[in-house]
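# Observations on the three-dimensional arrangement
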Amino acid sequence: MTLVLIGPLCEDLIIIGDEESSKVGGASYFQSFVYEEFYDDYLAIVNASNPDLIDAFPDRSKVRLLLKDDTHHFINEYPNKDDLDIRRQSTNFADIPILKDDLKAIFEGDDMDVDAFVLNPLNSNDFPQETIEYLSGFNVPVFISLQGFLRFKGEGNSLVLGYDEKLDSVISFSDVLFMDEDEFTVISGSDFHDFELVITNGSKGSRILFNSEGKEEEICIDAVKCEDIIDSTGCGDTYMASYISHRLKGKSIRESADFASLISSLKLKTSGPYRK
């Protein structure tokens, strides 16, 4: 069985205090390092205009590139190097959606037994509803990172969070939704009580909201302390992949969240993605 993660690659500019570095980024990229270690049978389907970007993956043979005419570019700025919970982001808002026909060309040409889908949009254009409806037809769990669907263009190329009513129909095909506390605030007035909601909050930990026998439950998880923080970019993506890898192995919500908290803490000690 194959876990399929889908989402754009991006070229990141990381600014921490007065230090700058350029790196490959994107949720699917960061997550691939976690699955390489803890869920070996995976496939990353990514899109970008630069084919050389996939050379940065831990195993190039597990990547399928959808060649597009643009690439997402992100600036992740951490103005206070002693508090990496504070981040300012801007992007070029690349309009390079992952289309149903893009994916059909892969799945219909490959005898693949899909275990689950992980969708990692970087902006609200990345996954048209038709694409998500197509994936729902595989009748396997769908895990969605909500952040991209809530990102809209602010002043200049800055990111602002907002809610579009089409989101209701898009996420109706999902089983588990991932977001941070700011993103949860945006959707908190909507009815997501039937979903498993995984909400991260940096150094303050995480919490999971879910429905158990008709009753709403909440599990709170403390962050694992990390004294030597080097790079927090991709930490939420690392948490998400760690959580999913455990849930798909039949672990409980608490076991999965505890594991995700540990692995994302270890990621903080390295520049770039998680490495053992």
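As a reminder, the structure under discussion sits directly above these lines.
Described below are features of the structure shown in this document. In every chain, residue numbers begin from 1 and rise along the written sequence. Local features are withheld for residues below a pLDDT of 70 in this predicted model, meaning they are given only at 70 or higher, and side-chain atom pairs are given and counted only at 80 or more; totals for whole chains, interfaces and linings count all residues. The basis for the side-chain values is all heavy atoms of the structure; hydrogens and waters are excluded.

A separate point is the sheet that holds strand S4 (residues 42–48). With mixed pairing, nine strands are arranged side by side in an open sheet as S5-S4-S1-S8-S9-S12-S13-S14-S15. One side of each edge strand has no neighbouring strand; the edge strands of this open sheet are strand S5 (63–67) and strand S15 (215–221). Neighbour-to-neighbour, the strand axes of this sheet turn through a mean angle of 15 degrees, independent of strand direction. For two strands to pair, DSSP has to find at least two bridges joining them. Counting from the N terminus, the helices are the DSSP runs of H or I reaching at least four residues and the strands are the DSSP runs of E reaching at least two. Across seven bridges, strand S14 (residues 206–212) lies against S15 in antiparallel orientation. When the sheet's bridge partners are listed, Ile208 is paired in S15 with Ile219. Contact criterion: two residues are considered in contact whenever any of their non-hydrogen atoms come within 4.5 Å of each other. All axes are obtained by fitting lines to C-alpha atoms, using only the stretch in contact for helices, and the reported angles, taken between N-to-C directions, cover 0 to 180 degrees. Contacting strand S1 (2–6), S4 and strand S8 (114–119), helix H1 (residues 27–38) crosses the sheet at an angle of about 160 degrees to S1. Sitting on the sheet, helix H6 (residues 235–247) is in contact with S1, S8, strand S9 (142–145), strand S12 (176–180), strand S13 (196–200) and S14, with an inclination near 145 degrees to S13.

A few words on the pairing of S13. Exposure classes here rest on a 1.4 Å probe applied to the protein chains alone. A residue is buried below 20% of its type maximum, exposed above 50%, and partly exposed in between. By the criterion of burial, S13 is predominantly enclosed, with five of the five residues buried. With burial as the criterion, each face of S13 is covered, one bearing Glu196, Val198 and Thr200 and the other bearing Leu197 and Ile199. In this sheet, S13 lies alongside S12 in parallel orientation, the contact comprising five bridges. Looking at the pairing, Val176 lines up with Glu196 of S13. In this sheet, S14 lies alongside S13 in antiparallel orientation, the contact comprising four bridges. Across the sheet, residue Leu197 finds its bridge partner in S14, namely Leu209. Taking the residues that link successive antiparallel strands as the turn, the S13-S14 hairpin has five residues, and the phi of Gly202 there is positive, at about 55 degrees.

This brings us to the packing of aromatic side chains. Pairs were defined over the aromatic rings of Phe, Tyr and Trp, the Trp ring being its six-membered one, requiring ring centres within 6.5 Å. Orientation was assigned from the angle between planes: stacked under 30 degrees, edge-to-face over 60, tilted for the rest. Tallying each qualifying case throughout the model produces eleven aromatic pairs. Relative to Tyr274, the ring of Phe38 has its centre 6.0 Å away and its plane inclined at 35 degrees; by these criteria the two rings are tilted. Taken together, the residues Phe38 in helix H1 and Tyr274 in the segment after helix H7 (253–267) connect sequence positions 236 residues apart. Residue class for Tyr274 comes out buried when judged on its relative accessible area of 6%. Considering the side-chain rings of Tyr134 and Phe138, the 5.5 Å spacing of their centres and the 90 degrees angle between planes classify their relative orientation as edge-to-face. What makes Tyr134 buried here is its relative accessible area of 16%.

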